[in-house]
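Analysis of the macromolecular model
Each chain, letter by letter, is given below.
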Amino acid sequence: MGKKIVVLNGSPRMKGNTAALIREFTKGAEEAGHQVVRFDLQKMDIHPCLGCYQGGKDPESPCVQKDGMLDIYPHYKQADVVVLASPLYYWTVSGQLKCAFDRLFAVAECSPNYANPQKECALLMAAEGDGFEETVYWYERLMGHLGWTDVGRVLCGGVTAVGDIEGNPKLEEARQLGRSL
């Protein structure tokens, strides 16, 4: 039986280089029999976390804010794997991705001790340069704090304009990562 995978796409470009990584990852995952649901965060109405600690009262609607996260929560709770996909913006993930990820805290609030659901996680990133160090540091720390398992990363530098990634071996690496889960 395949895994349930949620892709949180933090790229504002729906046909950009990050989207190409997601496309190939998804192909590989589906070839391996997994189910993939993709959320294009740029298109969704998602507000920043209020830091109110008022979530968790209703597991079906864990956050007090009623916005686009309501579409994500059920899939996130059922997911075996969460894929964080983003272009590299100022040496880290995009604001769209960070904003949505912060809002997942409302699910942890459903637990009396704020326990996050246990997941596997992958990181897909495209960038003009190759300065992924700060994001990798953040990602590794995030995995440790959440108790999640890193199942792989595809970091593709040297791609700026839409389509620059076509023909890049990182696309096959993304497909293989999806297949390997």
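Residues numbered from 1 in each chain as written. Predicted model: local features only at pLDDT ≥ 70, side-chain atom pairs only at ≥ 80, totals over all residues. Heavy atoms only, no water.

1. Here we look at the overall build of the protein
Quick reminder of the rule: Secondary structure elements are taken from DSSP: a helix is a run of H or I of four residues or more, a strand is a run of E of two residues or more, and numbering for both begins at the N terminus. The atom set for the radius of gyration is the C-alpha atoms, and the globule formula is 2.2 Å times the number of residues raised to the power 0.38. For every residue, the accessible area obtained with a 1.4 Å probe (protein chains only) is divided by the maximum for its type, and the residue is called buried under 20%, exposed over 50%, and partly exposed between those limits. Contacts between residues were defined by any pair of non-hydrogen atoms, one from each residue, lying within 4.5 Å.
For the protein, the count of helices and strands is 6 helices and 5 strands. Beginning at the N terminus, the succession of helices and strands in the protein can be written as β-α-β-α-β-α-α-β-α-β-α. Relative to a compact globule of 181 residues, whose C-alpha radius of gyration would be 16 Å, the protein shows 16 Å and is just as compact. Projected onto the principal axes, the alpha-carbon positions of the protein cover approximately 50 × 40 × 30 Å. Going through the 181 residues of the protein one by one, you find that 49% of them count as buried. Of the contacts made within the protein by residues no fewer than 6 positions apart, 78% connect residues no fewer than 24 positions apart.

2. A few points about the packing of aromatic side chains
Applicable threshold: Here the aromatic set is Phe, Tyr and Trp, taking the six-membered ring for Trp, and pairing holds for ring centres within 6.5 Å; pairs whose planes are under 30 degrees apart are stacked, those over 60 apart are edge-to-face, and all others are tilted.
A full pass over the atoms with the stated rule returns 6 aromatic pairs. Here Tyr76 and Trp148 contribute two aromatic rings whose centre-to-centre distance is 6.3 Å and whose plane-to-plane angle is 40°, an arrangement assigned as tilted. With Tyr76 in helix α2 (residues 69-78) and Trp148 in the loop between α5 (133-146) and β5 (149-156), this pair connects stretches of sequence that are 72 residues apart. The class of Tyr76 is buried, set by a relative accessible area of 2%. Centre to centre, the rings of Phe101 and Trp148 are 5.9 Å apart; their planes meet at 70°, and the pair counts as edge-to-face.

3. Examining the nonpolar core
For the record, the criterion: Residues belong to a common nonpolar core when they are buried Ala, Val, Leu, Ile, Met, Phe, Trp, Tyr or Cys residues joined through side-chain atoms within 4.5 Å.
Judged by nonpolar contacts, the single largest core of 34 residues is most densely connected at Leu8, Leu41, Ile72 and Leu84. Taken together, the elements giving at least two residues each to this core come down to β1 (4-9), α2, β3 (81-87), α3 (95-103), α4 (105-108), β4 (120-126) and α5. Top element by residues in this core is α5. It accounts for 5 residues. Discounting chain neighbours no more than four positions away, the residues touching Leu84 are Leu8, Leu97, Phe101, Cys121, Ala122, Leu123, Leu124, Trp138, Tyr139 and Leu142.

Treat this as a map of the structure, not an account of what it does.
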